[in-house]
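Overview (structure and organization)
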Amino acid sequence: MHNKILVANRGEIAIRVMRTCREMGIRTVGVFSSADRTAPHILMADEAYQIGPPPAAESYLKIDRILEVAQESGATMIHPGYGFLSENIQFAQAIIEKGLTWIGPPVKAIREMGDKTVARQTAIDAGVPVVPGLERPLTINDDPVAISREIGYPVLVKAAGGGGGKGMRIVTKETDLVDFIERARSEAISSFADDRIFIEKYLENPHHIEIQILADRHGNCIALGERECSIQRRYQKIIEESPSPFIDENLRRIIMGKAVDLAQAVGYAGVGTVEFLVDSQYNYYFLEMNTRLQVEHPVTEMITGIDLVRQQIKIAQGDVLEYSQSEINFHGHAIECRIYAEDGFNNFTPSVGTIHELVLPDGFGVRLDHGLRVGEEVTPYYDPLLGKLIVHGSTRAGAISGMHRALSEFHIVGLETIIPLCLTIMENTRFRNGNYDTHFLIDELKNIRSQKSTNVAEKRNVFAVAAALHHTMTNRKPKITTGNHALSNWKMTGRQVELQ
Amino acid sequence: MKFQATVDDQTIDFSVETQTQGFSVQINDSTLTIDCIRLSPYSYSLIINGRSYYLSLTNKNGGYRITLDQQSFCVQLKDETQILLGKFGLNKTIADTTQNIISPIPGLVRQVFVKSGDKIEKNDKLLILEAMKMENEIVSTVSGVVSEVYVKPGSSKNKGDPLLRIEGD
């Protein structure tokens, strides 16, 4: 019986995992870099160990040090969360070699699905459609211009290790091609130390739809429905929902079946996600498989009632799946807004700083997974995701109004966040009608911006008065005493103004 | 006490009197009675004519950044003395249009698109700054002429470091 899990992560996902551990009566071991000594996941953990200085490469990515902590603490299982080491083969292998339990899929599945060429071939062999394109990386002997002409513009240039917007470029005209390949290559080298580049057909206005998979180590595999993740900027998801307002029950069942086929072809076990692009004609193409728990997993949890982290732990322990496909039912609608520390109205510029004040949303249907604390500093060392706000409603319209209400209650003082942007998306007619694809944000951002500046007129006086009241209540100037005759009040004020 | 506030490029003149309970504000020929409670160093509750406002406030660029109903604006405030000094031409905030483009994040400069002497428009691409493994485009916040470039590809910059200097239009 396992009674201690080391969570090799930080922020909201570390807390998410620890919550389930607590519910299962499992003790938790947290790890932290020196920047995270007072981070909420460390306050929550039963045990906590420092693993290095702030840069992730010297702490949260330090395999040897994390394994040392596992030994020191007596942890028997390791949960990697998402990001960091969650899809790292060396890490998974080292854990297994030490006789510990890796809460993740088999190493073979991570390796095969992590390599775009192998993943694509596996999908083709399993009868899952793929996007037209070059099936191997570009070589020095290739003429990318000729290849792209054959595929037809627009083409997508992407790095082998790429994902989450990194190492990917859309090329719409031939004159940009060489430059964009170089840009993708330079990002790929600095981010993944792998310079292999692929070219494929770029689908216009597609939907990003992904299927949640649950598989045990005894050959059972089921699908927990889809997540519509088309609200993105530079391939980074911002809002996800389930069910998708785009696909119907028939297509849902077909894609779920294909996702299960692929998972079984690769011998998958654990939770995983098969991502598809679905074009406006409802053609679907395999994009990639994520061999880990995903950021947006809560929307699936909310409509299925299944705790995916609990399932991960049980599968890792060797248990048989608790559910069969026919026992999976979907209830209502769930939407997630990712709360990034970025200015959504200013090119998504990252924001760092101290959280001065926090008002968290609550109430009916609201779930907030976060790693926030007043006084805690948001540093530039890690991912800018502060948390995720998830709202469940009996209908899509109900979930949208619930999300709008919850966002309007949510105040994080001291940082720029994308809360105001998410709020305007909830008010957007196209979004409310479910009429959107992956181009939504680029198309709508201009309208959203102008909407922002027209709404302010009525509140201008309140802003002005508030500033003056703050000034009046905090800047009580010291009275000039009789001992200060030598100084002219005029001169003092003049100097003060000049000093500002 | 007279005040002049600039919100979103608009100037508003008004006066505030402290009363035994709350404040009395003269604005646009009307008088408002305001119940104002400071909730924390960064937030206030105002009740104006029965309407309740929850605001947060932080210092920014010599003024205040105020958020209300998820809308944030920078407010530049002048009190009576500063308004008076402004009338005598001692107002330096209006005279100085030169602006440094400041690094919003710590990062590594990957590419620089402009050079000294270039005429640029607001929202023009200036450079690419890599941070958190993402390449971020830094765009100009003003229109004008680039007078100095402080960085080159490969420069590592901290948050708040000047990247370039622009003589505003």
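Not measured: the values here are computed from a predicted model.

Turning next to the overall build of chain A. Counting its secondary structure elements, chain A contains 17 helices and 22 strands. For 500 residues, the compact-globule estimate of 2.2 N^0.38 gives 23 Å, and the C-alpha radius of gyration of chain A, at 25 Å, lies within 12% of that figure. Seen along its three principal axes, the alpha-carbon backbone of chain A occupies a region of about 90 × 55 × 50 Å. Counting across all 500 residues of chain A, residues that qualify as buried make up 46%. Of all intrachain contacts in chain A linking residues separated by at least 6 positions in sequence, the fraction that spans at least 24 positions is 66%.

The next point concerns the overall build of chain B. Broken down by element type, chain B carries 2 helices and 16 strands. Rg of the C-alpha trace for chain B: 21 Å, well past the compact-globule value of 15 Å for 169 residues, more than 25% over. Based on the C-alpha atoms only, the size of chain B along its principal axes is roughly 60 × 40 × 20 Å. In chain B, buried positions account for 24% of the 169 residues.

The subject of this paragraph is the interface of chain A and chain B. Between chain A and chain B, the contact holds 40 residues from the first and 52 residues from the second. Among the secondary structure elements, those contributing two or more residues to the side of chain A that touches chain B are helix 8 (177-192), strand 16 (349-350), strand 22 (411-413), helix 13 (419-427), helix 16 (460-474) and helix 17 (489-499) of chain A. With 14 residues, the single largest contributor to the side of chain A that touches chain B is helix 16 of chain A. Of the residues belonging to the side of chain A that touches chain B, the class tally is 19 nonpolar, 15 polar and 6 charged.

To summarise the sheet geometry, strands pair through backbone hydrogen bonds and adopt either a parallel or an antiparallel arrangement. Residues and elements named next belong to chain A. Spatial strand order, 13-12-9-10-11-14-21-19: 8 strands in an open sheet with antiparallel pairing. Two strands lie at the open edges of the sheet, namely strand 13 (284-290) and strand 19 (366-370), each paired on one side alone. Ignoring which end each strand starts from, the neighbouring axes of this sheet average 25° apart. Where strand 9 (residues 207-215) lies against strand 12 (residues 270-278), 9 bridges are found, and the strand directions are antiparallel. Bridging across to strand 12, histidine 208 finds its partner in leucine 277.

All names here are of chain B. The 4 strands are arranged 13-12-10-15 in an open sheet whose pairing can be described as antiparallel. With partners counted over all chains shown, the strands left at the sheet margins are strand 13 (134-139) and strand 15 (156-157), one partner each. In this structure, strand 10 (residues 107-112) lies alongside strand 15, joined through 2 bridges in antiparallel fashion. Looking at strand 15, one finds that glycine 107 is bridged to lysine 157.

As a further point, take the confidence of the model for chain B. Residues and elements named next belong to chain B. The predicted model of chain B has a mean per-residue pLDDT of 85, with 93% of residues at 70 or higher. Across chain B, the secondary-structure element scoring lowest on mean pLDDT is helix 2 (residues 92-95), at 41, and the one scoring highest is strand 5 (residues 43-48), at 95. With pLDDT under 50 throughout, residues 92-96 is counted as low confidence; its partners more than four residues away or in other chains account for 0 contacts. Among the scores for the predicted complex, ipTM is 0.76 and pTM is 0.81.

This part is about the domain arrangement of chain A. Residue and element names in this part refer to chain A. According to the domain assignment, chain A contains domain 1 (4-103), domain 2 (132-201) and domain 3 (207-454). Relative to domain 3, the C-alpha centre of domain 1 lies at a distance of 24 Å. The interface of domain 1 with domain 3 comprises 24 residues on the first partner and 23 residues on the second. Of all the elements in the fold, those that place two or more residues in the side of domain 1 that touches domain 3 are helix 1 (11-23), helix 2 (40-44) and strand 5 (101-102). Looking at which element gives the most residues to the side of domain 1 that touches domain 3, the answer is helix 1, with 6 residues. For the side of domain 1 that touches domain 3, the class distribution of residues is 13 nonpolar, 7 polar and 4 charged.

Attention now goes to the environment of Tyr82(A). All names here are of chain A. Among the secondary structure elements, tyrosine 82 is positioned in the loop between strand 4 (77-79) and helix 4 (89-97). Judged by the 18 C-beta atoms lying within 10 Å of it, tyrosine 82 is partly exposed. Tyrosine 82 sits 69 residues away from isoleucine 13 along the chain, and the two C-alpha atoms are 7.4 Å apart. Other than its neighbours up to four places away in sequence, tyrosine 82 contacts Ile13, Arg292, Leu293, Gln294 and Val295.

This part takes up the pairing of strand 5 of chain B. Residue and element names in this part refer to chain B. Across 6 bridges, strand 4 (residues 30-40) lies against strand 5 in antiparallel orientation. Looking at strand 5, one finds that serine 40 is bridged to serine 43. Here strand 4 hands over to strand 5 after 2 residues, the two strands then running antiparallel side by side. In the sheet, strand 5 pairs with strand 6 (residues 51-60) via 6 bridges, with the strands oriented antiparallel. In the sheet register, serine 45 faces strand 6, and the bridge partner there is tyrosine 54. Counted between consecutive antiparallel strands, the loop separating strand 5 from strand 6 contains 2 residues, among which asparagine 49 sits at a positive phi close to 50°.

Let's shift gears to the nonpolar core. Nonpolar side chains tend toward joint burial in soluble globular proteins. Residue and element names in this part refer to chain A. Counting residues in hydrophobic clusters, the biggest one holds 87 residues, and the most contacted among them are Leu6, Ile213, Ala259 and Ala263. Those residues in contact with alanine 263 that lie beyond four places of it in its chain are Ile213, Ala215, Cys221, Tyr268, Gly272 and Val274. Judged by nonpolar contacts, the second largest core, of 39 residues, contains Ile339, Ile390, Leu415 and Ile418.

Bringing helix 12 (residues 396-409) of chain A into the picture now. All names here are of chain A. For helix 12, which comprises 14 residues, the first-to-last C-alpha distance of 20 Å matches the rise-based estimate of 20 Å (1.5 Å per residue) to within 8%. Of the positions making up helix 12, those classed as buried are Ala399, Ile400, Gly402, Met403, Ala406 and Leu407. Here the buried residues of helix 12 occupy an arc of 165° about the axis, which is enough to place them on one side. For helix 12, the elements touching its buried residues are strand 14 (333-340), strand 19, strand 21 (385-393), helix 13 and helix 14 (429-432).

Attention now goes to the packing of helix 4 of chain A against helix 5 (residues 107-114) of chain A. Residues and elements named next belong to chain A. Across the interface, helix 4 lies against helix 5 with an axial gap of 10 Å and an inter-helix angle of 175°. By the angle class used here, helix 4 and helix 5 are roughly antiparallel. Residues Ile89, Ala92 and Gln93 of helix 4 lie in contact with helix 5, whose contacting residues are Val107, Ile110 and Arg111. Tallied by class, the residues present in the contact of helix 4 with helix 5 amount to 4 nonpolar, 1 polar and 1 charged.

So, about the pairing of strand 1 (residues 2-7) of chain B. Residues and elements named next belong to chain B. Side chains Phe3, Ala5 and Val7 of strand 1 all project onto a buried face; the interleaved residues Lys2, Gln4 and Thr6 project onto a face where none is buried. Connecting the antiparallel pair strand 1 and strand 2 (residues 10-18) is a turn made up of 2 residues, with aspartate 8 showing a positive phi of about 50°. Here strand 1 pairs with strand 8 (residues 71-79) via 5 bridges, running antiparallel. When the bridges of strand 8 are listed, valine 7 appears paired with valine 75.

Calculation criteria
Residues numbered from 1 in each chain as written. Chains lettered and ligands numbered in written order. Predicted model: local features only at pLDDT ≥ 70, side-chain atom pairs only at ≥ 80, totals over all residues. Helix = DSSP H or I, 4+ residues; strand = E, 2+ residues; numbered from the N terminus. Rg over C-alpha atoms; globule rule 2.2 N^0.38 Å. Buried ≥ 20, exposed ≤ 12 C-beta atoms within 10 Å, placed from the backbone. Contact = placed C-beta atoms within 7 Å. Nonpolar A, V, L, I, M, F, W, Y, C, P; charged D, E, K, R; others polar. Pairing = 2+ DSSP bridges. Axes fitted to C-alpha atoms, helices over the stretch in contact; angles between N-to-C directions. pLDDT = per-residue confidence, 0-100. Domains from an automatic or database assignment. Core = buried A, V, L, I, M, F, W, Y, C linked by C-beta atoms within 7 Å. Expected span 1.5 Å × (residues − 1). Arc of directions from axis to C-beta. Parallel < 35°, antiparallel > 145°, perpendicular 65-115°, else oblique.

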